[in-house]
Each structure stands twice: as C-alpha cells, then as structure tokens.
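Structural characterization, general
One-letter residues, chain by chain:
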Amino acid sequence: MNRLTAAHRTLPFGTRVRVTNLETGRSVVVRVNDRGPFAAARIIDVSYAAAKALGMVGAGVARVEMVVLGEGGPPAPGGTIASLEPRRSLVQSYPSSFPCYSHRRR
C-alpha cells in the first residue's frame, strides 16, 4: 500500500511500468507484484502510494498511459530495457478497501 506497486493480469512479477495520468500529466514507475484488476475496462491497479503520486486518490479511477520499462526485475548489466507501445486505459487504486472515493457523512 505504501510502496509504488501495481497489479496486472499478465505482466510478469517484477516488471517495471511507467503509468502516466493523462488528465494531470503526472507519472510514476511501479513494479508489478500482484494479479488483477478483474474489472473488464481496467488494465492495471495501482497502490495507494502510486495513486497519490498520480493525483487520483479522490477520483479512484483515471485514464492513463502505461509503458513497460523492463520485465522481471532490473536489466542485466549492459542489457537493454524492453519497451512496448504505450497503452491507454483505465487505472484503479487498490486495495479496494481503501476509501478512494469521497464519502459524505449523513
């Protein structure tokens, strides 16, 4: 929750991904350490720390650009970092028990 981590359905654990909030232009590099999201229109869930860095804690979801920087941990010395085409989708802050949305007390 306090680290820059994310959940993705298929990327290998340890993959580093740059996530950019398309509304604010803020970006953060996260490391995949979990599986998910399981909502159809979403491609990545980010931790609270990442959501805070992206400026999306209040909204809970945001349109983002996702770029894979490297797979399976740090690259080997002298190795290259694999890069994929940016993918635009929705990102959601997790864990789902974190109050991402504004709630009014009655």
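Residues numbered from 1 in each chain as written. Predicted model: local features only at pLDDT ≥ 70, side-chain atom pairs only at ≥ 80, totals over all residues. Heavy atoms only, no water.

Focus on the nonpolar core
Test applied: Among the buried residues, those of types Ala, Val, Leu, Ile, Met, Phe, Trp, Tyr and Cys that are joined through side-chain atoms within 4.5 Å form a nonpolar core. Using a 1.4 Å probe on the protein chains alone, a residue whose accessible area is under 20% of its type maximum counts as buried, one over 50% counts as exposed, and one in between counts as partly exposed. The way it works is that DSSP assigns letters per residue, a run of H or I at least four long becomes a helix, a run of E at least two long becomes a strand, and they are numbered from the N terminus. Only heavy atoms enter the contact rule, under which two residues are in contact if any of them lie within 4.5 Å.
Val17, Val19, Val30, Ile44 and Val46 are the most contacted members of the largest nonpolar core, which has 20 residues in total. Of all the secondary-structure elements, those providing two or more residues to this core are strand S2 (16-21), strand S3 (27-34), strand S4 (42-46), helix H1 (48-54) and strand S5 (61-70). The residues touching Val19, leaving out its near neighbours within four places in the chain, are Arg26, Ser27, Val28, Val30, Ile44, Leu54, Val64 and Glu65.

Concerning the side chain of Asn21
Relative to the assigned elements, Asn21 resides in strand S2. Judged by its relative accessible area of 3%, Asn21 falls in the buried class. Each residue touching Asn21, except ones within four places of it in the same chain, is listed here: Arg26, Leu54, Gly55, Met56, Ala62, Arg63 and Val64.

Considering the pairing of S3
Condition: If DSSP finds at least two bridges between two strands, the strands pair.
Pairing between strand S1 (residues 5-7) and S3: three bridges, direction parallel. Residue pairing for S3: Ala6 is matched across the bridge by Val32. Across five bridges, S2 lies against S3 in antiparallel orientation. Following the sheet pairing, Val19 is matched in S3 by Val28. The loop that links S2 with its antiparallel partner S3 comprises five residues; one of these, Gly25, has a positive phi angle of about 80 degrees.

Some details on the packing of aromatic side chains
As a reminder of what qualifies: Pairing of aromatic rings covers Phe, Tyr and Trp, the last through its six-membered ring, and needs centres within 6.5 Å; plane angles under 30 degrees mean stacked, over 60 mean edge-to-face, and all others mean tilted. Working rule: Lys NZ or Arg CZ, within 6 Å of ring centre, within 35 degrees of ring normal, means a charge sits over the ring.
Under the defined criterion, the tally for this structure stands at zero aromatic pairs. One residue, Arg35, lies across the ring of Phe13, its end atom 4.2 Å from the ring centre.

Some points on the environment of Val32
Here Val32 shows up in strand S3. When the C-alpha positions of Val32 and Glu71 are compared, they lie 9.3 Å apart, and in sequence the two are 39 residues distant. Excluding residues that lie within four positions of it along the chain, Val32 makes contacts with Ala6, His8, Leu11, Pro12, Phe13, Gly14, Thr15 and Val17.

Looking at the confidence of the model for the chain
How we decide: How sure the predictor is of each residue is captured by pLDDT, a score from 0 to 100.
Considering every residue of the chain, the mean pLDDT works out to 75; 66% of them sit at 70 or more. Of all secondary-structure elements in the chain, the lowest mean pLDDT belongs to strand S6 (residues 87-93), at 54, while S3 reaches the highest, 93. A low-confidence stretch, residues 75-84 (pLDDT under 50), is modelled with 13 contacts involving residues beyond four sequence positions or located in other chains. Contacts of residues 93-106 to residues separated by more than four positions or lying in other chains number 30 contacts, the stretch itself having pLDDT below 50.

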